[in-house]
Amino acid sequence: MDNDPKHKAKATQELIKAKKWNILEWPSQSPDLNPIEHAFYFLKTKLQTERPTNKPQLKTTAVKAWQSIKKEETQRLVMSMSSRLQAVINNKGFSTKSKVRVSIVFNGVRALQSRGCHGAEKFSQVLEKVKKEVQRRMTSAEESMKRKAEICLYYKPFRPEVYFLQECFLTEEFLEAVRFCKSPNASLEGLLNHLHSVPGKRIYCFPVFVPQFCKDFVEELESFEKSHLEKGRPNTMNNYGILLNELGLDESFITPLREKYLCPLASVLYQDWGGGCLDSHKAFVVQYSVDKDLDLSSHYDNSEITLNISLGKEFTDGSLYFSDMREVPSNERSYTEVEHTIGHGILHRGQQVHGALPVTSGERWNLIIWMRASSIRNKLCPMCNKEPQLVETMGLGDGFTMIKEDGRETVDVCTLV
Ligand SMILES: O=C(O)CCC(=O)C(=O)O
Ligand SMILES: [Fe+2]
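Residues numbered from 1 in each chain as written. Chains lettered and ligands numbered in written order. Predicted model: local features only at pLDDT ≥ 70, side-chain atom pairs only at ≥ 80, totals over all residues. Heavy atoms only, no water.

A tally of helices and strands in the protein yields 13 helices and 15 strands. Within the protein, the fraction of its 417 residues that count as buried is 44%. For the protein, the share of sequence-separated contacts (at least 6 apart) that also reach a separation of at least 24 residues comes to 74%. As presented, the protein carries roughly 22900 Å² of accessible surface, and 55% of it is formed by carbon and sulfur atoms. (Helix = DSSP H or I, 4+ residues; strand = E, 2+ residues; numbered from the N terminus. Buried < 20%, exposed > 50% of the residue type's maximum accessible area, 1.4 Å probe, protein only. Contact = heavy atoms within 4.5 Å. Areas by Shrake-Rupley, 256 points an atom, 1.4 Å probe, with all protein chains shown as cover.)

Right under this line is the structure:
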């Protein structure tokens, strides 16, 4: 028995008392400690391939599926009880990571069903992919750290100067807008004189980098691309690009850019979206060309605020388009194309639905900074739109924070995504 409300109900409690059962204390958020929960998982998996259409059929199918669970399967579950208890002891009574892993698979299963994935073969194929993706996510922070260490050891930068943010990389217009935000008379109205805004969308465009910096930066990225070192994918949608953290650009470039320049701007533009408390980020470069990725379909970002800067090189088409915020139903959304010039940044809320149109020639390189405010996302995960279920990770994770028992703050990922 766990702390599920139906187990705590008066009628259940009275039954336990009448039967004089001895009930063990159960840690919160840990129903998976009980082997029965895993047996239910077997049952659900078996039932997913069946499509009962009424109650009696459901009952017959469920009984048949239950009876088809093999003795060895249940025995294995019972035998695993001691290692489950040990995991709780090791975690000082808190819920264990294995519980989180199961919940990811459950959520994946539900998501697949709600998207119409039925039929035994198709279901198990997709479920395999989901499991692989879950596994990739659980180990991705560690893999990324390994790549970063290898790059630091073996890669010799072609243009070492671009690794350290300097004011001469930034345009005078950008510096002026930031100065205004830091001044005592900072106001949204005044700031709008320094930026171009997309009507009605809270999307802002302004020059960020001088052309020489864009050229040098792309040259550095191209030199890294040519190296034979292993590279991580920027995100699940872009197949080509570079994770700037792995290249060693976070500490000396992106973090100061966020803290000294972007945060003051965002605090005026997006006070209500965590603009003043952007405490981490994920930065990467995406690449498009006719023989690589052509475009990027409509999506929202795992960020509170995103800055997208065009770096070049030369290309035709490939404009960005923006729609409404994520909560607007997809059939009611309208789209606006936004022109992007080399060196210019487009600042928008992560939940503003957007995408990139196909390039028709040349190469398009963009620097993307997904900025995160833990105070906002700790309450609601921007990807699953639920209160996040956190699992500790290495590095900056997805920008959530969790205060541990000893007062230490960790940066975590949400397992519901
Ligand atoms: O290709 C682009 O400019 C858009 C990239 C983007 O939206 C993203 O990576 O989140
Ligand atoms: Fe995006």
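We now examine the site of ligand 1. Surveying the vicinity of ligand 1 reveals 16 residues, the closest of which are Tyr288, Asp301, Asn308, His354 and Arg364. Interatomic distance of 3.3 Å between a side-chain N/O atom of asparagine 366 and an oxygen atom of ligand 1. One nitrogen or oxygen atom from the side chain of tryptophan 370 is found 3.3 Å from an oxygen atom belonging to ligand 1. Relative to its unbound accessible surface of 290 Å², ligand 1 loses 100% to contact with the protein. In a pocket analysis with a 2 Å cut-off to the grid points, ligand 1 is assigned to the largest cavity. (Near = heavy atom within 4 Å. Polar contact = N/O pair within 3.5 Å; in protein donor to acceptor, adjacent residues only side chain to side chain. 1 Å grid on protein atoms, 1.4 Å probe; cavity = no way out; pocket = protein on both sides within 12 Å on 5 of 7 lines; lining within 4 Å. Sits in = over half its atoms within 2 Å of the grid points.)

We now examine the coordination of the iron ion (ligand 2). Within the protein, the atoms that donate to the iron ion (ligand 2) are His299 (NE2), Asp301 (OD) and His354 (NE2), at distances of 2.1 Å. Read in sequence order, the donor residues for the iron ion (ligand 2) give the motif H-x1-D-x52-H. Classification of histidine 299 as buried rests on a relative accessible area of 9%. (Donors = N, O, S within 2.8 Å, 3.2 Å for Na, K, Ca; no water.)

With that out of the way, let us pick up the sheet that holds strand S9 (residues 336-338). Spatial ordering of the open sheet is given by S5-S11-S8-S9, a layout of four strands whose pairing is antiparallel. The open sheet is flanked by strand S5 (296-299) and S9, the only strands paired with a single partner. Recorded for the sheet is a direction-independent mean angle of 25° between the axes of neighbouring strands. Relative to S9, strand S8 (residues 320-325) runs antiparallel, the two sharing three bridges. (Pairing = 2+ DSSP bridges. Axes fitted to C-alpha atoms, helices over the stretch in contact; angles between N-to-C directions.)

Looking now at helix H8 (residues 120-154). Taking 1.5 Å per residue as the helical rise, H8 with its 35 residues ought to reach 51 Å, and the 47 Å between its terminal C-alpha atoms agrees with that figure. At serine 140, H8 is bent by approximately 50°, the largest bend along its length. All of the buried residues along H8 are Phe123, Leu127, Val130, Val134, Ala141, Ser144, Arg147 and Ile151. (Expected span 1.5 Å × (residues − 1). Bend = angle between axes of the 7 residues up to and from the residue.)

Before going further, it helps to spend a moment on the UniProt feature "domain: Fe2OG dioxygenase" (unreviewed entry) in the protein. Per the UniProt entry, the sites bearing "domain: Fe2OG dioxygenase" (unreviewed entry) are residues 279-373 in this numbering. Taken end to end, residues 279-373 is 0% helix and 62% strand, and its two terminal C-alpha atoms sit 5 Å from one another. (UniProt positions renumbered as here; feature names shortened; annotations may be inferred.)

Tallied over the entire structure, the rule returns 13 aromatic pairs. The interplanar angle of 75° and the centroid separation of 5.2 Å between the aromatic rings of tyrosine 155 and phenylalanine 224 together place this pair among those described as edge-to-face. A residue pair is termed long-range when its members are at least 10 positions apart, and tyrosine 155 in the loop between H8 and helix H9 (172-182) and phenylalanine 224 in helix H11 (residues 211-226) qualify at 69 residues. Both residues of the pair, tyrosine 155 and phenylalanine 224, count as buried. Residues phenylalanine 169 and phenylalanine 253 carry aromatic rings whose centres are separated by 6.2 Å and whose planes lie at 15° to one another, so their mutual orientation is stacked. Here the residue phenylalanine 169 occupies a position in the loop between H8 and H9, and phenylalanine 253 occupies one in helix H12 (residues 250-269), the gap between them amounting to 84 residues. (Phe/Tyr/Trp six-rings, centres within 6.5 Å; stacked < 30°, edge-to-face > 60°.)

Applying the stated criterion to the full structure yields one cavity of 30 Å³ or more. Put simply, the largest cavity is a space of about 140 Å³. Along the wall of the largest cavity there are 19 residues; nearest its centre are Leu296, His299, Asn308, His354 and Ile368. Those elements that place two or more of their residues in the lining of the largest cavity are strand S4 (280-289), S5, strand S6 (305-312), strand S11 (352-356) and strand S12 (359-372). In terms of residue count, S12 provides more of the lining of the largest cavity than any other element does, four residues in total. (Points joined across faces, edges and corners; volume = space filled by probe spheres on them.)

As a further point, take the sheet that holds strand S15 (residues 409-414). Pairing within the open sheet is antiparallel, and its three strands lie in the order S13-S15-S14. Every interior strand has two partners, whereas the edge strands, strand S13 (390-392) and strand S14 (400-403), have only one. Geometrically, the sheet is characterised by an average inter-axis angle of 55° between neighbouring strands, direction not taken into account. Bridge count between S13 and S15: three bridges; the pairing is antiparallel. Its bridge partner lying in S15, glutamate 392 is registered against aspartate 412.

Another point: H9. Those residues of H9 lying buried are Phe174, Leu175, Ala177, Val178, Phe180 and Cys181. Check the buried side of H9 and you find it contacts helix H10 (188-191), strand S2 (203-207) and H12.

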